[in-house]
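An overview of the molecular structure
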Amino acid sequence: MKPFDYQRADDADSAIATVSGDPEARYIGGGTNLVDHMKLGITEPGKLVDITRLPYDSVEALPGGGVRIGATVRNSDLAASHVIRQRYPVLAQALLAGASGQLRNLATTGGNLLQRTRCSYFQDTSTPCNKREPGTGCSALEGWNRYHAVLGASEHCVATNPSDMAVALAALDATVLVRGQEGQRRIPVTELHRLPGDEPERETVLEHGELITAVELPAPSESSRSTYRKVRDRASYAFALVSVAAVVEVSEGAISHARIALGGLAHKPWRATAAEEALRGAPATEETFRNAAEAELAEARALRDNAFKIPMTRNTLSAVLRELTRQEGA
Amino acid sequence: MTDVSNSGKLGEPLERLDGPAKVTGTARYAFEQPVDDPLYLHPLQADIARGRVVRIDTSPAEALSGVHTVLTHENAESLSSRVDVELAVLQSPEIGYRGQVIGAVVADTQEIAAHAAGLVEVTYERHPHDTVFRSDDEIVYTPDGSNPMIGEDLDRGDVDEALAAAEYAVDATYTTPAEYNNPMEPHATIAVWESAELTLYDSNQGSYTVRDMIAPTLGMDPQRVHVFAPHVGGGFGSKGVPHAHVMLAALAARKLEGRPVKCALSRRQMFSLVGYRPPTRQRVRLGADSAGRLTATEHSALEQTARVKEYAEQSASAARNMYVSANRRITNELAVLDVPVPTWMRAPGEAGGMYALETAMDEMALTCGVDPVEFRVRNEPERAPESGLPFSSRNLVSCLRQGAEMFGWNDRDPEPGVRRENGWLSGTGVAAATFPSFSIPGSKATIGYEPGGYYRVEIGAVDLGTGSRTALSQIAAEALEVPVEAVRLHLGSTEQPRASIAGGSSGTASWGSTIVQAAREFRAEHGAEPAEGAETTAEAAANPAAGEYAMNAYGAQFAEVAVNADSGEIRVPRMLGVFAAGRIVNARTARSQFLGGMTMGLSMALHEHGVLDGRFGHVVNHDLAGYHVAGNADVGSVEVSWLDEHDPHVNPMGIKGIGEIGIVGVAAAIGNAARHATGIRVRELPLTPEKFLI
Ligand SMILES: Cc1cc2nc3c(=O)[nH]c(=O)nc-3n(C[C@H](O)[C@H](O)[C@H](O)COP(=O)(O)OP(=O)(O)OC[C@H]3O[C@@H](n4cnc5c(N)ncnc54)[C@H](O)[C@@H]3O)c2cc1C
Ligand code: SF4
């Protein structure tokens, strides 16, 4: 590991000024992703600015029924938060489906959103990777790509975003609050991450030095039901092969509203707008669920090892919709 | 021989003597041994799979403050023996596999050493490499024999004719992937060089094995090499012989005489430097008559080996003696590739081989329309089929019957794919297990009577965390006819008398026999009331029954499996293993061994898979986030049971090894259960969700 400087930030402005003014500086939250990368030589920051003492460590109710989640709230605390468990179960479930208890105790909301892909070639400096070293080629394209993308990938990068939390946030229409030297801006979480295109090294729309301060969730509809379903190789402590976050409302046997996001399939949490479209107003039947899934997956393209993700997503999305639309007592 | 097995101390569930030290963190493992002013070593590894180093520029690394030396083939000393290529490090610029050691940085801290390693600039001449496991003629050959001492291929009767004439036939090919031992404690060593003597604090499975291999490589008198392994956090075969890092530390310590050199491998480094279970491709052909009796058995195995050093796994060996069959053909071939050197991994041969054979047995039972338990019972041999020898004891049938009773097997509906609850399909499966009962001669033990009235028992064996320290203390207490508190056992190093390797599940039997012999001689010499300072050293006599009996442990594995009908995810809520493995020395540590073995079998069935990328020649998922081993949530109810087996022939205590048999058969039982759950027969490990997607 390359030697580095370490600073603990006491106020946001000076933290932002420090990182913005130094291309080698990085924020550090829980460090569960960044420190691994430093040990592996994937990133070699000259300076770390620790933001975990900044006053962003609480979950607050907002007027109008929404909540604001501070950027340094730990994943364990967020999952245990009463308001999240009561009103946004999809988020609590997604958090608890991620990583391990020890990691969640350290991981922060901001760090989780910005965690980088688990692509094995990205994580190994001895193999070419366009994301790590632009222009060197994508080793996964014709290599081991079982965990890789079937939606929205490019010939330059086929990596997936590994976050469970972000998938739930995408289905909840969350907004990310960001501060930079120019002031504050609000970014819908679905627009925070980018598709790889020909710049896979750029994963988000953030500029260097911009600090995530919070995530806001709009008020949930009282009659909606939500859930997170993660399909993985182990019963715990494994990244998603495929995951589904869904918030659904049914009235009189028809789906009045559905917000769906998919994980494990793309370079970003994948908001399934085509599926949502197909569900809107349709009867809650097996055929509807399947059609919705097929509509979303129409553009899916499999690589050597991940063709299974397409039927696995179709089946899992159908199963989630079946569960959420099941009449009480039925 | 006196039968020492009746005094009641063997079998008691004595708590581990080193348990408190381990759970309070005061038991020191190799890397934690206190040494003065140590330096830290980080190995440099080749980034190509075949070729040579044409230039290695160490100056940027050496310029870094805190770096003491960078060893490469250009400056390393010339070794006295190059017989073992894994140990003959830095003797040439040639590269035979990706990850091979090409140098080492030694620095004040681990972090500096690792950072400096990244600054070394290496220029290679690349040669074409071949790393993809397959059955092409150009890479396949027949080895002279296979591990551990299995001779030539076997061809009895006329298998082809018997298959043609058989009422029922099965012909299927099974594959198992490369699997990595990954003991909890990574490989680590500290080398200290003082007055031309080398001391190694090393995590290993045999301190004498380490001495015997390191000394000649360094051209040293073995007496001048001292090896200590007081506590070891698992090895599973990967610590059976010393690997390159031990030599690197020794060379560095010699060069930097006076400063101890510490080296702990990272998980990633372990994937290329400490061995692994080679991938296999196994074809099994079975023929049976109308009564469900096997008439033909063919097991043809192909395993991977490394071009730089042969390792011949014996996947087909269990099929030599498992079931009756007048016609039998057993063949073993190797595919030689530019890959890291494979080695033993818990139950080498049986673990992979019995997956294939016991899956084929399930397929044959279904083909014949006979219950899988009953089918195995029908094919039980009276004598060892290959040698014709009687079994010293063989209680497979009792394991199957007792297991069937305990598991509730007897009410089972054989119909596949019909039990469905909340979206999960469930099923049950069974498989047999076997493992040879080895004893390795040549160990010695010393027993002395000490002031304070206790017996000092010394043997240079290693406790891998299995509980050997505790079990051997019990054996000594019984043999000396004293309470276990009166025994102080010393083991783990070459300071004690020579002992055999902790491998092949042979430890307790081999060392236990030695201690029993020493106790007898001690009593014969010094009587029941010895004087303080009385001491006897003895070696176990060879077992007169060896060669007269076939000696193996047996078991029956049962599993219940649930497969998600939507996602294909597979879970194992319940497992039961029933074993017939001779006299159980300590019910507590034995249970842990079986449990651990079965859990490792579950992990092999569902998860473990080292994925090799043929373009680069490396294991892509070379860390514990990518290479999955079973976690707690994957392990449901695991029940362990054993028969009260009395074997008068294996050794004076009637002990068979129990370290490895627990893993054998588990993967087949789970695969067979998954087939019962879903109707889908998967013949390729691991059983990942996509294989059950419909
Ligand atoms: C073995 C393992 C298994 C895992 N399994 C899962 C899993 O199943 N599902 C899952 O979702 N995750 C999983 N994770 C990932 C884990 O969730 C992330 O490591 C964690 O969420 C990152 O949060 P952190 O606070 O530690 O981030 P850090 O490591 O501190 O930071 C990550 C990145 O975000 C930047 N950053 C941090 N905070 C801010 C901020 N406020 N503003 C701007 N930039 C910021 C840092 O500079 C860095 O680039 C796993 C991790 C490991 C090691
Ligand atoms: S998929 Fe993306 S991250 Fe992985 S190797 Fe290709 S470019 Fe790198």
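Residues numbered from 1 in each chain as written. Chains lettered and ligands numbered in written order. Predicted model: local features only at pLDDT ≥ 70, side-chain atom pairs only at ≥ 80, totals over all residues. Heavy atoms only, no water.

The name that an unreviewed UniProt entry assigns to chain B is Xanthine dehydrogenase YagR molybdenum-binding subunit, with the source organism given as Actinopolyspora biskrensis.

Identification of chain A as Xanthine dehydrogenase YagS FAD-binding subunit from Actinopolyspora biskrensis is taken from an unreviewed UniProt entry.

1. Structural notes on the packing of helix α11 (residues 468-480) of chain B against helix α12 (residues 507-526) of chain B
Residue and element names in this part refer to chain B. At a closest axis distance of 9 Å, the pairing of α11 and α12 adopts a crossing angle of 30 degrees. Comparing the axis directions of α11 and α12 gives the class roughly parallel. Here the hand of the crossing between α11 and α12 comes out right-handed. Of the residues in α12, those in contact with Ser-468, Ala-471, Leu-472, Ile-475, Ala-476, Ala-479 and Leu-480 of α11 are Thr-508, Trp-511, Gly-512, Ile-515, Val-516, Ala-519, Phe-522 and Arg-523. Partitioned by chemical class, the residues of the contact of α11 with α12 number eleven nonpolar, three polar and one charged. (Axes fitted to C-alpha atoms, helices over the stretch in contact; angles between N-to-C directions. Helix = DSSP H or I, 4+ residues; strand = E, 2+ residues; numbered from the N terminus. Parallel < 35°, antiparallel > 145°, perpendicular 65-115°, else oblique. Left-handed = near helix turned anticlockwise from the far one by under 90°. Contact = heavy atoms within 4.5 Å. Nonpolar A, V, L, I, M, F, W, Y, C, P; charged D, E, K, R; others polar.)

2. A short note on the site of ligand 1
Residues and elements named next belong to chain A. Contacts to ligand 1 come from 33 residues, most closely from Tyr-27, Gly-31, Thr-32, Thr-108 and Asp-164. Take Gly-30: an N or O atom from its main chain is 2.8 Å from an oxygen atom of ligand 1. At a separation of 2.8 Å, an oxygen atom of ligand 1 approaches a polar backbone atom of Leu-34. Burial of ligand 1 by the protein chains amounts to 94% of its free accessible area of 970 Å². Contributions of two or more residues to the shell around ligand 1 are made by β2 (25-28), α2 (34-40), α7 (109-113) and β8 (211-217). Among the elements that line the shell around ligand 1, the one with the most residues is α7, at three residues. Classifying every residue of the shell around ligand 1 gives 15 nonpolar, 13 polar and five charged. (Near = heavy atom within 4 Å. Polar contact = N/O pair within 3.5 Å; in protein donor to acceptor, adjacent residues only side chain to side chain. Areas by Shrake-Rupley, 256 points an atom, 1.4 Å probe, with all protein chains shown as cover.)

3. Observations concerning the pattern of salt bridges
Two side chains that carry opposite charge are able to pair once their charged atoms sit near each other. Summed over all chains, the structure comprises 64 salt bridges over all chains. Note that A:Glu276 is salt-bridged to A:Arg271, the shortest N-O span being 2.6 Å. Across this residue pair, the class does not change: A:Glu276 and A:Arg271 are buried. A cluster of three or more residues bridged by salt bridges with shared partners is formed by B:Asp155, B:Asp160, B:Arg285, B:Glu298 and B:Arg329. (Salt bridge = Lys/Arg side-chain N within 4 Å of Asp/Glu carboxyl O. Buried < 20%, exposed > 50% of the residue type's maximum accessible area, 1.4 Å probe, protein only.)

4. Quick look at the site of ligand 2
Inspection of the region around ligand 2 gives 14 residues, with A:Cys119, A:Cys129, A:Cys138, A:Cys157 and A:Val158 positioned closest. For the shell around ligand 2, the per-class residue count stands at nine nonpolar, four polar and one charged.

5. What about α11(B)?
Residue and element names in this part refer to chain B. Taking 1.5 Å of rise per residue, the 13 residues of α11 would be expected to cover 18 Å, and the 18 Å separating its terminal C-alpha atoms lies within 8% of that figure. In terms of burial, α11 is largely enclosed, as 13 of its 13 residues are buried. Looking at the residues trailing α11, positive phi occurs at Glu-481, about 55 degrees. (Expected span 1.5 Å × (residues − 1).)

6. A short note on the packing of aromatic side chains
All names here are of chain B. Taken as a whole and assessed by the stated rule, the structure comprises 17 aromatic pairs over all chains. With 4.7 Å between their ring centres and 50 degrees between their planes, Tyr-449 and Tyr-455 make a pair best called tilted. Look at Tyr-455 and you get buried, because its relative accessible area is 4%. These aromatic residues form a ring-pair network of at least three members: Tyr-180, Phe-271, Tyr-276 and Tyr-627. Between the NZ or CZ atom of Arg-488 and the centre of the ring of Tyr-454, over which it lies, the distance is 3.8 Å. A cation over a ring is seen here: Arg-574 above Phe-407, with NZ or CZ 3.9 Å from the ring centre. (Phe/Tyr/Trp six-rings, centres within 6.5 Å; stacked < 30°, edge-to-face > 60°. Lys NZ or Arg CZ within 6 Å of the ring centre and 35° of its normal.)

7. Comments concerning the sheet that holds strand β5 (residues 101-107) of chain B
Hydrogen bonds between backbone atoms are what pair the strands of a sheet, whose relative direction is either parallel or antiparallel. Residue and element names in this part refer to chain B. Strand order in the open sheet formed by seven strands is β3-β5-β1-β13-β10-β11-β12, with mixed pairing between adjacent strands. One side of each edge strand has no neighbouring strand; the edge strands of this open sheet are β3 (67-72) and β12 (225-228). In this sheet, adjacent strand axes meet at a mean angle of 20 degrees when their direction is disregarded. Relative to β12, strand β11 (residues 197-202) runs parallel, the two sharing four bridges. Opposite Tyr-201, over in β12, you have Phe-228 as the bridge partner. Sheet contacts for helix α5 (residues 207-217): β11 and β12; angle to β12, the most-contacted strand, approximately 150 degrees. (Pairing = 2+ DSSP bridges.)

8. As for a negative patch on the surface
Residues and elements named next belong to chain B. A surface patch of like charges, here negative, comprises Asp-137, Asp-144, Glu-152, Asp-153, Glu-310 and Glu-333. For Asp-137, the location among the structural elements is in the loop between β6 (121-126) and β7 (140-141). You can call Asp-137 exposed: its relative accessible area is 73%. (Patch = residues over 30% accessible without salt bridge, like charges linked within 9 Å, V, L, I, M, F, W, Y side chains within 5 Å. Lys, Arg positive; Asp, Glu negative; His and termini not counted. Charge placed at Lys NZ, Arg CZ, Asp CG, Glu CD.)

9. A word on the domain arrangement of chain B
All names here are of chain B. Per the domain assignment, the segments making up chain B are domain 1 (38-48 + 50-128 + 182-273), domain 2 (140-179 + 277-437 + 548-692) and domain 3 (440-542). For domain 2 versus domain 3, the separation of C-alpha centres amounts to 35 Å. Across the boundary between the two partners, domain 2 contributes 14 residues, which contact 16 residues of domain 3. Carbon and sulfur atoms make up 62% of the surface buried where domain 2 meets domain 3, a total of about 1,100 Å² over both sides. Of all residues in domain 2, Val-585, Pro-652 and Met-653 give up the largest surface area on contact with domain 3, accounting jointly for 37% of the area buried on that side. (Domains from an automatic or database assignment. Buried area = accessible area lost by both parts, 1.4 Å probe.)

10. Here we look at the interface of chain B and chain A
On the chain A side, the residues contacting the 32 residues of chain B number 36 residues. With both chains or domains summed, chain B and chain A bury close to 2,600 Å², and 52% of this area falls on carbon and sulfur atoms. Counting across the interface, chain B meets chain A through three salt bridges. When the shortest N-O distance is used, the salt bridge between A:Arg146 and B:Glu690 registers 2.7 Å. For the pair chain B and chain A, the number of links is 13 residue pairs in polar contact (both at pLDDT 80 or more). For the side of chain B that touches chain A, the leading source of residues is helix α3 (residues 110-117) of chain B, giving three residues. Of the residues belonging to the side of chain B that touches chain A, the class tally is eleven nonpolar, ten polar and eleven charged.

11. Some thoughts on the nonpolar core
B:Phe558, B:Ile570, B:Met575, B:Phe594 and B:Ile670 are the most contacted members of the largest nonpolar core, which has 91 residues in total. Here the element with the most residues in this core is helix α8 (residues 350-368) of chain B; it accounts for ten residues. When sequence neighbours within four positions are dropped, the list of residues in contact with B:Ile570 reads B:Val561, B:Ala562, B:Val563, B:Leu606, B:Ile670, B:Ala674, B:Leu687 and B:Phe692. The next biggest cluster of nonpolar side chains, apart from the first, holds 49 residues, and it includes A:Tyr88, A:Ala171, A:Val178 and A:Ile212. (Core = buried A, V, L, I, M, F, W, Y, C linked by side-chain atoms within 4.5 Å.)

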